[in-house]
Amino acid sequence: MTDNITAGSPASGTPSPADGYVGDPAVRAEWDNRYADRQQLWSGQPNGALVAEVAGLTPGRVLDIGCGEGADAVWLARGGWDVTALEVSGVALERAAEHARDAGLTVRWVHAALTEAALPPASFDLVSAQYPALLRTPDAAAERALLAAVAPGGVLLLVHHAGMDNQPAHDSGFDPADYVWPSMVAALLSDDWEVEVDEQRPRVAPDGGAGAHHTDDLVLRARRLR
């Protein structure tokens, strides 16, 4: 069985909008359009960096940020993790929920932007953000939301495409300066955190899917000590 797609935390009593989405409607529309253009946007396989970094962890509560069509969420649930998966695109979430149902797995689906999701603080043993499109704000809201979700003793795993953070703005309107990159999150880590991995490495990329042309990853893995 799969939980219904909801807004906010599964434990939250905050009323949801009629369509269940919490966040900027323009961002939702942008990603819905991107997913609707293709029957399947991503490869359908879990991200290689996630598979590698989770191998030695004991399954617990995990937050999958920007879960897309659900490949990582389904893989984590199959591995015994208690999965909460967050995504702005309703089109992507419907596909993800269908994949989980087909696999007979339970996942909590949260239809919201990270900074609007009202997630329970300090409650996830793993927070996984694989190539997230998190918009920068002057108060570093997205970066702080990533850190705030991790429980003491838990791990933040942030993976992104190497080299994108210092590219110039594209004619398409994409400007890397508008987005959060691993170095920005690392800069906010206090003595309450221990950096376990902070490196660039060759990407283990599944066949097919958008983004398959990227060859290297930036991997930040940090453990919250207290």
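Conventions we followed
Residues numbered from 1 in each chain as written. Predicted model: local features only at pLDDT ≥ 70, side-chain atom pairs only at ≥ 80, totals over all residues. Heavy atoms only, no water. Helix = DSSP H or I, 4+ residues; strand = E, 2+ residues; numbered from the N terminus. Buried < 20%, exposed > 50% of the residue type's maximum accessible area, 1.4 Å probe, protein only. Lys, Arg positive; Asp, Glu negative; His and termini not counted. Salt bridge = Lys/Arg side-chain N within 4 Å of Asp/Glu carboxyl O. Polar contact = N/O pair within 3.5 Å; in protein donor to acceptor, adjacent residues only side chain to side chain. Contact = heavy atoms within 4.5 Å. Pairing = 2+ DSSP bridges. Right-handed = clockwise from strand over helix to strand, strands pointing away.

Looking at the element boundaries, glutamate 87 is found in strand 3 (residues 82–87). For glutamate 87, which is buried and forms no salt bridge, the nearest opposite charge comes from arginine 34, at a distance of 9.2 Å. Among the polar contacts listed, one links the side chain of glutamate 87 to the backbone nitrogen of cysteine 67, at a separation of 3.4 Å. Side-chain polar atoms of glutamate 87 contact the backbone nitrogen of glycine 68, separated by 2.8 Å. Not counting residues up to four positions away in its chain, the partners in contact with glutamate 87 are Tyr35, Gly66, Cys67, Gly68, Ala92, Leu93, Val110, His111 and Ala112.

Although it is not a glycine, alanine 118 adopts a positive phi angle of roughly 50°. Relative to the elements of secondary structure, alanine 118 occurs in the loop between strand 4 (108–111) and strand 5 (124–130). Of note in the backbone geometry, tyrosine 131 takes a positive phi value of approximately 55° without being a glycine. Mapped onto the secondary structure, tyrosine 131 falls in the loop between strand 5 and helix 5 (141–148).

This part takes up the pairing of strand 3. Within strand 3, five of the six residues are buried, leaving the element largely enclosed by the surrounding structure. Pairing analysis gives five bridges linking strand 2 (residues 61–65) to strand 3, with the strands arranged parallel. If you follow valine 62 over to strand 3, its bridge partner there is valine 83. Following the backbone out of strand 2, through helix 3 (residues 71–78) and into the adjacent parallel strand 3, one traces a crossover that is right-handed. Strand direction decides the pairing type here: strand 3 and strand 4, joined by four bridges, are parallel. Bridged to leucine 86 within strand 4 is valine 110. Once you follow strand 3 into helix 4 (residues 90–103) and on to strand 4, the crossover reads as right-handed.

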